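Topology and contacts: notes
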Amino acid sequence: MKISFVLPGVSRVPVGGYKMIFEYANRLCRRGHDITLIFHCFSGMNRNQRIPKFAKLLYYYFGTYYFPTWFTLDSRIHKICRYKRLIDSELPDGDVICATAIDTAYEVAETASSKGKKVYFIQDYENWNGWTDDKVRKSYCLGMKNIVIAKWLQKIVKSAGADSILITNGIDFKVFDVDIPISQRTKLIISMLYHKDEHKGSKYGIEALCRLKTKYPALQAILFGTPARPKGLPDWIQYIQNATQEQLRKIYNQSLIYLCPSIKEGFGLTGAEAMACGAAYVASDYGGVHEYTVEGRNVLLSAPKDVDGLVRNIADLLNYEDKRIMLAKNGYKDIRFLDWNRSVECFENTIQQLK
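Summary of the structure given here. Note that this is a predicted model, so its numbers are computed, not measured. (Residues numbered from 1 in each chain as written. Predicted model: local features only at pLDDT ≥ 70, side-chain atom pairs only at ≥ 80, totals over all residues. Heavy atoms only, no water.)

**A short note on the overall build of the chain**
- Scanning the chain for helices and strands turns up twelve helices and 13 strands.
- Since a compact globule built from 355 residues should have a radius of gyration of about 20 Å, the 21 Å found for the chain is in line with a globular shape.
- In terms of overall dimensions, the chain has a C-alpha envelope of 65 × 45 × 40 Å along the principal axes.
- When the 355 residues of the chain are sorted by exposure, 55% land in the buried category. (Helix = DSSP H or I, 4+ residues; strand = E, 2+ residues; numbered from the N terminus. Rg over C-alpha atoms; globule rule 2.2 N^0.38 Å. Buried < 20%, exposed > 50% of the residue type's maximum accessible area, 1.4 Å probe, protein only.)

Below, the structure written as structure tokens:
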């Protein structure tokens, strides 16, 4: 089949949503499908008017073919860039065309039938960047085949009056696995994703880590993210910018605990990766966490923005090693159900049955 994925611009730095699409693209390509990635840069062209238009054109044109440097795409995958609204004459004909974000959904829905059957891959409830709740909910009712990555998103799509099929994200267990046995980790190391967006809750996580440092002087923390090192971050906290998958595996394997303080998250991919590498999981109850965890069995949860709750749960695991080991071992075993082969087969079967 000829399959096009339409992404909202190029991805210079690691982004979870892009990573999922790139994984599908690679795996479908290896199954014999003809894959095209269409980087729809129209919204980016209209942001930040201080940057000259010609500079943006050059950046997106060359960026389409240069990026992503943080993910290895199959060389057989085609990549094209579009600076204006999607025009049928500038899009390849195909069997399936897939919108991957609300920034692409409305335009993909209007493409000609020759561009392929229309799919909407929904990874979060995207009521940001000027998109109202009404526009988000209406995007689910555009007549495309809705695919969601989480049960909570499936409920929202249904409440908007549309159907969807659930296909959970996969984890590559060749990339993320245990190198340092869970019971042999002795250094007090906690890792966490840092992100500037408010809904990621990074400031609550950092505050929790700082409080814990006063109780456990030997505590070390490793943060990773795409921005530059945050100003004011204490010197004792290590920060790694644009970590590769190899670096992430090393970080997770060094960690006793992985902390996710997000307020709202579609899935929480880094938490699943950390579990696959043997870190005990402590998180805020951000919604998507329930897609692959069970409270008390493989995760300890507290309310979003509840710093006291994060501190209490982490301290519980630092004080009681057996509990930490039990939580981590359960997480490692339970997360194996997020198998990429199953996810790709479900996606492939879904698009092959489109009418």
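Moving on from the coordinates now.
**Focus on the environment of A109**
- Note that A109 resides in helix α4 (residues 102-109).
- Relative accessible area serves as the criterion here: at 16%, A109 is assigned to the buried category.
- Sequence-wise, A109 and T214 are 105 residues apart; in three dimensions their C-alpha atoms are separated by 54 Å.
- The contacts of A109, once residues within four sequence positions are left out, are K118, L142 and M144. (Contact = heavy atoms within 4.5 Å.)

**With respect to helix α1 (residues 16-30)**
- Spanning 15 residues, α1 covers 21 Å between terminal C-alpha atoms, matching the ideal 21 Å at 1.5 Å per step.
- Along α1, twelve of the 15 residues are buried, which leaves the element largely enclosed by surrounding structure.
- Turning to α1, its buried residues are Y18, K19, M20, I21, F22, E23, Y24, A25, N26, R27, L28 and C29.
- Of the surrounding elements, those touching the buried residues of α1 are β1 (2-7), β2 (34-40), β5 (117-122), α8 (245-254), α9 (269-276) and α12 (340-352).
- Downstream of α1 by a residue or two, G32 has a phi angle that is positive, lying close to 100°. (Expected span 1.5 Å × (residues − 1).)

**Brief notes about the sheet that holds strand β13 (residues 300-302)**
- The strand order across the open sheet formed by six strands is β10-β9-β8-β11-β12-β13, and the pairing between neighbours is parallel. Edge positions in the open sheet fall to β10 (237-241) and β13, since each of these has one partner strand only. Each strand axis lies, on average, 20° off the axis of its neighbour in the sheet, ignoring direction.
- Looking at chain direction, strand β12 (residues 280-284) and β13 are connected through three bridges and run parallel. Residue pairing for β13: A283 is matched across the bridge by L301.
- Each of β8 (189-193), β9 (220-225), β10 and β11 (257-260) is contacted by α8, which is oriented at about 155° to β9, the strand it contacts most. (Pairing = 2+ DSSP bridges. Axes fitted to C-alpha atoms, helices over the stretch in contact; angles between N-to-C directions.)

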